[in-house]
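Take a look at the letters that make up each chain.
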Amino acid sequence: MTDQRLRSEFTDVDHAQSPADYVHMLDAQRSIPFIQQYKQRVRTLLDLHPGQQVLDAGTGTGEDAQEMAKLVAPGGLVVGLDVSQIMIDEAKRRVQDPSLPLRFVQGDIQHLPFEHATFDRCYADRTFIHLPDPQLALSELVRVTKPGGQILIVEGDHETQVLDTPYAEVTRRFFRFRNDGMRQPDIAHRLYALFKDAGLLDVQVESLARLTTDYETIRPVAHYLEGMRTAQSYGVVTVEEAEQWILYLEEATRTGRFFHAIMWFITIGRKPG
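Residues numbered from 1 in each chain as written. Predicted model: local features only at pLDDT ≥ 70, side-chain atom pairs only at ≥ 80, totals over all residues. Heavy atoms only, no water.

### A short note on the overall build of the protein
Next, step 1: From N to C terminus, the protein includes 10 helices and seven strands.
Next, step 2: Relative to the globule expectation of 19 Å for 273 residues, the C-alpha radius of gyration of the protein, 20 Å, shows essentially globular dimensions.
Next, step 3: When the backbone C-alpha atoms are referred to their principal axes, the protein occupies close to 60 × 40 × 35 Å.
Next, step 4: Relative to its full complement of 273 residues, the protein shows a buried share of 51%.
Next, step 5: Carbon together with sulfur atoms contributes 51% to the accessible area of the protein, which is approximately 12,700 Å² in total.
Next, step 6: Taking the average place of the 29 positive charges on the side chains of the protein and the average place of its 39 negative ones, the gap between the two points comes to 3 Å. (Helix = DSSP H or I, 4+ residues; strand = E, 2+ residues; numbered from the N terminus. Rg over C-alpha atoms; globule rule 2.2 N^0.38 Å. Buried < 20%, exposed > 50% of the residue type's maximum accessible area, 1.4 Å probe, protein only. Areas by Shrake-Rupley, 256 points an atom, 1.4 Å probe, with all protein chains shown as cover. Lys, Arg positive; Asp, Glu negative; His and termini not counted. Charge placed at Lys NZ, Arg CZ, Asp CG, Glu CD.)

### With respect to the pattern of salt bridges
Next, step 1: What the rule picks out here adds up to 21 salt bridges.
Next, step 2: Among the charged side chains, a salt-bridge network with shared partners connects Asp27, Arg30, Glu63, Glu90, Arg93 and Arg94. (Salt bridge = Lys/Arg side-chain N within 4 Å of Asp/Glu carboxyl O.)

### Description of the packing of helix 1 (residues 19-30) against helix 4 (residues 85-93)
Next, step 1: Orientation of helix 1 relative to helix 4, taken along the N-to-C sense of each, is 50°, at an axis distance of 10 Å. Judged on the interaxial angle alone, helix 4 and helix 1 are oblique. Between helix 1 and helix 4 lies a crossing of right-handed hand. From helix 1, Pro19, Tyr22, Val23 and Leu26 reach across to helix 4, where they touch Ile86, Met87 and Glu90. (Axes fitted to C-alpha atoms, helices over the stretch in contact; angles between N-to-C directions. Parallel < 35°, antiparallel > 145°, perpendicular 65-115°, else oblique. Left-handed = near helix turned anticlockwise from the far one by under 90°. Contact = heavy atoms within 4.5 Å.)

### So, the environment of Asp197
Next, step 1: Relative to the elements of secondary structure, Asp197 occurs in helix 7 (residues 187-197).
Next, step 2: Remark: the alpha-carbon pair of Asp197 and Ser139, spanning 58 residues in sequence, is separated by 9.7 Å.

### Concerning a nonpolar patch on the surface
Next, step 1: Taken together, the side chains of Val162, Leu211 and Phe259 present a nonpolar region at the surface, about 270 Å² in accessible area.
Next, step 2: By the secondary structure assignment, Phe259 is in the loop between helix 10 (239-254) and strand 7 (260-270). (Patch = residues over 30% accessible without salt bridge, like charges linked within 9 Å, V, L, I, M, F, W, Y side chains within 5 Å.)

### Side note on the sheet that holds strand 7
Next, step 1: Strand order in this open sheet of seven strands is 3-2-1-4-5-7-6, and the pairing throughout is mixed. The open sheet terminates on both sides in strands that have one partner only, identified here as strand 3 (102-106) and strand 6 (201-212). Geometrically, the sheet is characterised by an average inter-axis angle of 15° between neighbouring strands, direction not taken into account.
Next, step 2: In the sheet, strand 1 (residues 53-57) pairs with strand 2 (residues 77-82) via five bridges, with the strands oriented parallel. Considered in strand 2, the bridge of Asp56 is made with Gly80.
Next, step 3: Against the sheet, helix 6 (residues 168-180) makes contact with strand 5 (145-163) and strand 7, and its axis sits at roughly 145° relative to strand 5, the strand it touches most. (Pairing = 2+ DSSP bridges.)

### With respect to the packing of aromatic side chains
Next, step 1: Evaluation of the coordinates by the stated rule reveals 11 aromatic pairs.
Next, step 2: Taking 5.2 Å as the distance between ring centres and 40° as the angle between the ring planes, the aromatic pair formed by Tyr38 and Trp264 counts as tilted. Residue Tyr38 is located in helix 2 (residues 33-46), and its partner Trp264 is located in strand 7; the two are separated by 226 residues in the primary sequence. Across the pair, exposure class does not vary: Tyr38 and Trp264 are buried alike.
Next, step 3: Between Phe114 and Phe119 the ring centres are 5.1 Å apart and the planes differ by 90°, which places this aromatic pair in the edge-to-face class. For the residue pair Phe114 and Phe119, the accessibility class agrees, reading buried in each case.
Next, step 4: One aromatic cluster is present, built from ring pairs that chain together Phe174, Phe175, Tyr215, Tyr224, Trp245 and Phe258. (Phe/Tyr/Trp six-rings, centres within 6.5 Å; stacked < 30°, edge-to-face > 60°.)

### A short note on unusual backbone geometry
Residues apart from glycine generally show negative phi values, whereas peptide bonds are mostly found in trans.
Next, step 1: Note that the residue after Ala73, namely Pro74, is joined by a cis bond; omega there is -5°.
Next, step 2: Mapped onto the fold, Pro74 is located in the loop between helix 3 (63-72) and strand 2.
Next, step 3: The backbone of Ala117 sits at a positive phi, close to 55°, despite the residue not being glycine.
Next, step 4: Here Ala117 is to be found in the loop between strand 3 and strand 4 (119-125).
Next, step 5: Phi at Arg126 takes a positive value of approximately 55°, unusual for a residue other than glycine.
Next, step 6: Relative to the helices and strands, Arg126 is located in the loop between strand 4 and helix 5 (134-144).

### Digging into the nonpolar core
Next, step 1: Within the largest apolar cluster, 51 residues are counted, with the highest numbers of intra-cluster contacts made by Leu152, Tyr224, Met228 and Trp245.
Next, step 2: Not counting the four nearest positions on each side in its chain, Trp245 is found in contact with Leu163, Thr165, Tyr167, Val170, Thr171, Phe174, Tyr224 and Met228.
Next, step 3: Among the nonpolar cores identified, the runner-up in size contains 27 residues, and Val79, Ala137, Leu138 and Leu194 belong to it. (Core = buried A, V, L, I, M, F, W, Y, C linked by side-chain atoms within 4.5 Å.)

Here it is in structure tokens:
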């Protein structure tokens, strides 16, 4: 068995083997009903109005930024920031209405290229999981938020995953292997304390459970069968364990007995002032 672990290329899309795969993955995620539903809830919590300045940190392909820009027009501005120039270029290409108050900027959330107290709202969705230093990133969001402004972060908590199989120990090893490839797999449940430590007020957390009973709806982003083969190649599971586990999941998918769940958390707080 080897101690080496895969590392997610989402941390550096521009130098990934196939950057286009990550654009396609974001598109696949956006098509999942659960994702669509929580994004509607996020826009409600942000309480956006014309004239506001908004930062979408980790904008990806920019669809969220476009939706928010519609809500802050006229007089407002949404800035979509991403560390990946490939994502920024794709976001610009996808802009449907050039009159929207919207611009995209390449930059690092841990070292934001903005003045103090620039934005009324700062938002990050599935960004903090990829960061080397989430505490630094949050301090930067606080810095660029106006007094009285709000910061909202959405993350899935990968340490809360459950998958129904008769091979519980194999499943635990598999998810532990997957989580080891993420920089911050547990960041979702750590954000409440980080918000408090950052001095934010009125910190609230909403919990959302993503339940999946049809593997096909998450196959484009989950890749469990392929992932188990990778875990086998790294010596995390034996060939026999991998075969049994995969056969069970395939059978559960065919017979309508597939069950997976993971908790997501929306954390929101207000900057004093």
